[in-house]
Amino acid sequence: RPHKHNSVALDLCVYAKPGTCYTLMGQELDESGQIVDPVRCEWGSGATFVTPPGWWHSHHNEGDEDAWVLPVQDAGLLTHQRVLDIRFVDEEVLRIKAGLSRGASWKQRAQTEPAAAVDSPR
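None of the values given here were measured: they were computed from a predicted structure.

A.B. asks: Please give an account of the overall build of the chain that cites residues and values.
C.D. replies: Looking only at helices and strands, one finds two helices and eight strands in the chain. N-terminal to C-terminal, the α/β element order of the chain is β-β-β-β-β-β-β-α-β-α. In the chain, buried positions account for 30% of the 122 residues. Sequence separation of 24 or more characterises 74% of the internal contacts of the chain that already satisfy a separation of 6 or more. For the chain, the accessible surface area stands at approximately 8,000 Å², while carbon and sulfur atoms represent 54% of it.

A.B. asks: Hey, could you go over the pattern of salt bridges for me, with residue numbers and the actual values?
C.D. replies: Inspection of the entire model under this criterion finds three salt bridges. Between Arg1 and Asp90 there is a salt bridge whose closest N-O contact spans 2.7 Å. One end of the pair, Arg1, is in the segment before strand S1 (3–5); the other, Asp90, is in helix H2 (residues 89–97), and 89 residues separate them in sequence. Residue classification places Arg1 among the exposed positions, given a relative accessible area of 55%. With its nearest N and O atoms 2.9 Å apart, the salt bridge here joins Lys17 to Asp64. With Lys17 in the loop between strand S2 (9–15) and strand S3 (21–26) and Asp64 in the loop between strand S6 (56–61) and strand S7 (68–73), this residue pair connects regions lying 47 residues apart in the sequence. Residue classification places Lys17 among the partly exposed residues on the basis of a relative accessible area of 28%.

A.B. asks: Explain the packing of aromatic side chains residue by residue, including any values.
C.D. replies: Any two aromatic rings considered together are summarised by their centre-to-centre distance and by the angle between their planes. Applying the stated criterion across every chain, the model contains one aromatic pair. A cation over an aromatic ring shows up here: Arg40 above the ring of Tyr22, its NZ or CZ 3.6 Å from the ring centre.

A.B. asks: Give me the lowdown on the side chain of Ser58, citing residues and values where you can.
C.D. replies: Among the secondary structure elements, Ser58 is positioned in strand S6. For Ser58, the side chain forms a polar contact with the side chain of His60, separated by 2.7 Å. Non-local contacts of Ser58, meaning those with residues more than four positions away in its chain, are made with Arg1, Pro2, Tyr22, Thr23, Leu24 and Ile35.

A.B. asks: How would you summarise the sheet that holds strand S5 (residues 48–51) if you had to cite specific residues and measurements?
C.D. replies: Strand order across the open sheet formed by three strands is S5-S2-S7, with antiparallel pairing between neighbours. If you trace the sheet from one side to the other, it starts and ends with S5 and S7, each paired once. For this sheet, the mean inter-axis angle between neighbouring strands, taken without regard to orientation, is 25°. Relative to S7, S2 is paired through six bridges, and the arrangement is antiparallel. What sits directly across from Leu12, in S7, is Leu70.

A.B. asks: Give a detailed account of the confidence of the model for the chain, specifying residues and quantitative values.
C.D. replies: Confidence in the prediction for the chain averages 82 pLDDT; 82% of positions are at 70 or higher. At the level of individual helices and strands, the chain shows its lowest average pLDDT in helix H1 (residues 75–80), which scores 76, and its highest in S3, which scores 97. Considering only residues more than four positions removed or in separate chains, one finds that residues 109–122, a stretch of pLDDT under 50, has four contacts.

A.B. asks: Report on unusual backbone geometry, specifying residues and quantitative values.
C.D. replies: Positive phi, normally seen in glycine, also occurs at Asp37, with a value near 45°. Along the polypeptide, Asp37 turns up in the loop between S3 and strand S4 (39–42).

Rules and cut-offs
- Residues numbered from 1 in each chain as written.
- Predicted model: local features only at pLDDT ≥ 70, side-chain atom pairs only at ≥ 80, totals over all residues.
- Heavy atoms only, no water.
- Helix = DSSP H or I, 4+ residues; strand = E, 2+ residues; numbered from the N terminus.
- Buried < 20%, exposed > 50% of the residue type's maximum accessible area, 1.4 Å probe, protein only.
- Contact = heavy atoms within 4.5 Å.
- Areas by Shrake-Rupley, 256 points an atom, 1.4 Å probe, with all protein chains shown as cover.
- Salt bridge = Lys/Arg side-chain N within 4 Å of Asp/Glu carboxyl O.
- Phe/Tyr/Trp six-rings, centres within 6.5 Å; stacked < 30°, edge-to-face > 60°.
- Lys NZ or Arg CZ within 6 Å of the ring centre and 35° of its normal.
- Polar contact = N/O pair within 3.5 Å; in protein donor to acceptor, adjacent residues only side chain to side chain.
- Pairing = 2+ DSSP bridges.
- Axes fitted to C-alpha atoms, helices over the stretch in contact; angles between N-to-C directions.
- pLDDT = per-residue confidence, 0-100.

So, in structure tokens, the structure goes:
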């Protein structure tokens, strides 16, 4: 399932069976929680890819073997600064449908009525 974080990730694919593993990345979700117009990044053993900070992404293995990816992130620094933000699609979909957006990019139809004002949790 898609998730995002404000930390950058430089991912090293240690091993993946050719043609079976990939990551989907994009800046917005649709109403069902799927990434809109995703960039597809195929994994290849020994290859690297970047997961940009703030982008929704999901990792997929459609093969019959385990795959190994080693992410290198600045999440430790962001945790130390108390600014790390990780969001998971299921929670975000519920929050947005309830009018409680935390600034997530969301592809939706124009609303005819404004959402009720609600204090966001801290």
